[in-house]
Structures are given as C-alpha cells and as structure tokens.
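Single-letter residue listing:
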Amino acid sequence: MKKYKFITIKQVNEEIFEKHPVYRIFNNRSNSQLGILSFYKPWKEYVFSSQSECVFNNTCLKDVMDFIENHVII
C-alpha cells in the first residue's frame, strides 16, 4: 500500500489478473474507489483504468505514475 496526499493505492485481497497483482486506487477523504491499475498483456505493462466520471489533477496523475514506476514489479 502507498498513501499519497489525495489517493491511496493498494492491492485488495491479493487480487491477481494475468498472473500480476491488481491495484485499486481510493480517494483518501471518501475512501471511494477511483480506478484500478492492472497488467495489460498486449502491451506487457500496467495501465490505469478510472471509474466513470472521475477527474484527476496533475498531482494525482503524477502519484499514479510514481506508483507504477517505483512500486510495481513486473
């Protein structure tokens, strides 16, 4: 789990997809799920998929990128 200023990214119940961990992104204030990070086999890398009607500022997007680049092991 990694907690940032506005979001927390964590694996829930050791969820796996395509033999790789799935990470869920939550709002720190409301604890609502904002999106997921999952392995996309055709590209051989993690991708971000947001829930509908979610908006992200540059800080949150940088935090998502930081997590992918520094905390995800492929």
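For the structure, see preceding data.
Residues numbered from 1 in each chain as written. Predicted model: local features only at pLDDT ≥ 70, side-chain atom pairs only at ≥ 80, totals over all residues. Heavy atoms only, no water.

Visitor: Summarise the pattern of salt bridges; cite the residues concerned and give the values.
Guide: This structure, assessed with the given rule, holds two salt bridges. Residues Glu-15 and Arg-24 are paired through a salt bridge, measuring 3.0 Å at the closest nitrogen-oxygen approach. (Salt bridge = Lys/Arg side-chain N within 4 Å of Asp/Glu carboxyl O.)

Visitor: How would you explain the nonpolar core if you had to name every residue and give the values?
Guide: Core analysis: the biggest nonpolar cluster contains 14 residues, and Ile-7, Ile-9, Tyr-23, Ile-25, Leu-37, Tyr-46 and Phe-67 have the highest contact counts within it. Put simply, the parts of the chain that give this core at least two residues each are strand E2 (7-17), strand E3 (20-27), strand E4 (33-40) and helix H1 (58-71). Setting aside anything within four residues of it in sequence, one finds Tyr-46 in contact with His-20, Pro-21, Tyr-23, Leu-37, Ser-38, Phe-39, Ile-68, Val-72 and Ile-74. (Core = buried A, V, L, I, M, F, W, Y, C linked by side-chain atoms within 4.5 Å. Buried < 20%, exposed > 50% of the residue type's maximum accessible area, 1.4 Å probe, protein only. Helix = DSSP H or I, 4+ residues; strand = E, 2+ residues; numbered from the N terminus. Contact = heavy atoms within 4.5 Å.)

Visitor: Could you give an account of the environment of Glu-53, with specific residues and numbers?
Guide: The residue Glu-53 is located in the loop between strand E5 (45-50) and H1 in this model. A sequence separation of 17 residues divides Glu-53 from Asn-70, and the C-alpha atoms of the two residues are 27 Å apart.

Visitor: I'd like a description of the state of the cysteines, backed by residues and values.
Guide: Each disulfide is one covalent bond, formed between the sulfur atoms of two cysteines. Considering all chains together, one arrives at zero disulfides under this definition. With no disulfide of its own, Cys-54 lies 10 Å from the sulfur of Cys-60, the closest cysteine sulfur. The class of Cys-60 is buried, set by a relative accessible area of 9%. (Disulfide = S-S within 2.5 Å.)

Visitor: If you had to explain the environment of Lys-62 to someone new, which residues and values would you point to?
Guide: Structurally, the position occupied by Lys-62 is in helix H1. Considering only alpha carbons, one finds Lys-62 and Phe-26, 36 residues apart in sequence, at a separation of 15 Å.

Visitor: Help me get a handle on unusual backbone geometry, residues and values and all.
Guide: Even without a glycine there, the phi angle at Lys-44 is positive, about 55°. Mapped onto the fold, Lys-44 is located in the loop between E4 and E5. Among the residues examined, Lys-44 registers a relative accessible area of 64% and is labelled exposed. Phi at Glu-53 takes a positive value of approximately 65°, unusual for a residue other than glycine.

Visitor: Residues and numbers for the sheet that holds strand E1 (residues 2-3), please.
Guide: The strand order across the open sheet built from five strands is E1-E2-E3-E4-E5, with neighbouring strands paired in antiparallel fashion. Edge strands, defined here as strands with exactly one partner in the open sheet, are E1 and E5. Looking at chain direction, E1 and E2 are connected through two bridges and run antiparallel. Directly across from Lys-3, in E2, lies its bridge partner Thr-8. Taken strand by strand, H1 contacts E1, E2, E3, E4 and E5, and its axis lies near 45° from that of E2. (Pairing = 2+ DSSP bridges. Axes fitted to C-alpha atoms, helices over the stretch in contact; angles between N-to-C directions.)

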